[in-house]
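Notes for the structure review
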Amino acid sequence: MRLRRLSNEAEYFKHLTDLSASLRQGTLILAELSGIPMDERREAAGRLAAVSDDADAAESAVLRALRENYATPVDRDALYRLTSTLCETTHRLESVGFALSSSAFDEFPVGVLEFLALLSNATDQTHSMLKRLPGKPDQWQYVESMSRLFHRAEALHLQVSDAVPAAKRGLAYLAAATLLGQMFYETARSFASIGTVVAEIAVRES
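A brief structural summary. (Residues numbered from 1 in each chain as written. Predicted model: local features only at pLDDT ≥ 70, side-chain atom pairs only at ≥ 80, totals over all residues. Heavy atoms only, no water.)

Structural notes on the packing of helix α5 (residues 140-160) against helix α7 (residues 171-205)
Operational definition: Note on geometry: axes are C-alpha line fits, over the in-contact stretch for helices, and angles between N-to-C directions span 0 to 180 degrees. Elements are defined by DSSP. Helices are runs of H or I of four residues or more, strands are runs of E of two residues or more, and each kind is numbered from the N terminus. Should an angle lie under 35 degrees it is considered roughly parallel, over 145 roughly antiparallel, and from 65 to 115 roughly perpendicular; all remaining angles are considered oblique. By definition, any crossing whose near helix is turned counterclockwise from its far helix by less than a right angle is left-handed, and any crossing with a clockwise turn is right-handed. As a working rule, the residues Ala, Val, Leu, Ile, Met, Phe, Trp, Tyr, Cys and Pro are called nonpolar, Asp, Glu, Lys and Arg charged, and the rest polar, with Gly in that last group.
Close contact between α5 and α7 brings their axes to 9 Å; oriented N to C, the two are set at 165°. On the basis of their axis angle, the class for α5 and α7 is roughly antiparallel. Crossing geometry of α5 relative to α7 is assigned as left-handed. Within the contact of α5 with α7, the residues separate by chemical class into 19 nonpolar, four polar and two charged.

Right under this line is the structure:
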């Protein structure tokens, strides 16, 4: 019979912190992308791939720990989904970076800078939530905040993707703005999904 190892809570939270660091690095690169010349954006966006690789490594570390039957600090299913969703959100940031680096954007659509600020805000709040989670599993304030941010993101998605002003700049600009708006929306939805998992942890553990 396979022996069950003792709990090592610090290991799990270290990997979650690593995922949080990847999110923060990703949003910093997106902020950089918004303020550099068009011909430099592809190189900056390419650095997001390494950030996603770091997130993949942190996710794999959690999965290895789960496979080895460690007792977990929170519900095993919730821990798996929290880890997976944090990693997915990092990859979503990479998709935003790809869309932002389009050569069609001599000037970004209305709403882009506000959307980037929203993603940065969501990342900072996620980082703070993960720091508090070991001692306080009921992070309801974070859950409510992610819900509000997502509703704001829905409105900004319409602004960024507005076909009328984009079409005036040509079909290439219209296509690029539509893709960017969709990537923004998917990333905001990923943050909302993190909030959903955190709500489940609060219900079960608090």
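As for the nonpolar core
The cut-off we apply is this: Take the buried Ala, Val, Leu, Ile, Met, Phe, Trp, Tyr and Cys residues and link them wherever side-chain atoms come within 4.5 Å; each set so joined is a nonpolar core. The classification of residues rests on relative accessible area computed with a 1.4 Å probe and restricted to protein chains. Under 20% of the type maximum is buried, over 50% is exposed, and intermediate values are partly exposed. Only heavy atoms matter for contacts: two residues are in contact if any of them lie within 4.5 Å across the pair.
Counting 62 residues, the largest nonpolar core has L30, L82, L100, F115, L180 and F184 as the members making the most contacts within it. Elements supplying a minimum of two residues to this core: α1 (9-33), α2 (41-67), α3 (76-100), α4 (112-132), α5 and α7. Among the elements that take part in this core, α7 stands out by supplying 14 residues, more than any other. The residues touching L180, leaving out its near neighbours within four places in the chain, are V96, A99, L100, F105, P109, V112 and V160.

Points about the environment of L119
Within the fold, L119 resides in helix α4. Residues L119 and L149 lie 30 residues apart in sequence; the distance between their C-alpha atoms is 8.8 Å. Among residues more than four places away in sequence, those in contact with L119 are T27, L30, L93, F184, T187, A188 and F191.

A short note on the packing of aromatic side chains
Where we set the bar: Within 6.5 Å between ring centres, the rings of Phe, Tyr and Trp (the latter by its six-membered ring) count as paired, and their orientation is classed by plane angle as stacked under 30 degrees, edge-to-face over 60, tilted in between.
According to the stated counting rule, one finds four aromatic pairs in the structure shown. Here F115 and F184 contribute two aromatic rings whose centre-to-centre distance is 4.2 Å and whose plane-to-plane angle is 10°, an arrangement assigned as stacked. Of this pair, F115 sits in helix α4 while F184 sits in helix α7, and the two are 69 residues apart along the sequence. Aromatic side chains F150 and Y185 sit 5.7 Å apart centroid to centroid with 45° between the ring planes, which places their arrangement in the tilted category. With F150 in helix α5 and Y185 in helix α7, this pair connects stretches of sequence that are 35 residues apart. Considered together, F150 and Y185 belong to a single accessibility category, that of buried residues. Put simply, the rings of F105, F108 and Y173 pair up and form one aromatic cluster.

Considerations on the pattern of salt bridges
For clarity, the threshold we go by: Whenever a carboxyl oxygen of Asp or Glu lies within 4 Å of a side-chain nitrogen of Lys or Arg, that contact is scored as a salt bridge.
Per the stated rule, a full pass over the model turns up 12 salt bridges. Here R204 makes a salt bridge to D75, at a shortest N to O gap of 2.4 Å. Separated by 129 residues along the polypeptide, R204 in helix α7 and D75 in the loop between α2 and α3 bring together distant segments of the chain. The partly exposed category is assigned to R204, whose relative accessible area is 45%. Take D75: its relative accessible area is 25%, and that puts it in the partly exposed class. A salt bridge links E186 to R189, with the shortest nitrogen-to-oxygen separation between them at 2.7 Å. Highlighted residues: E186 and R189, both in helix α7, separated by three residues, approximately one helical turn.

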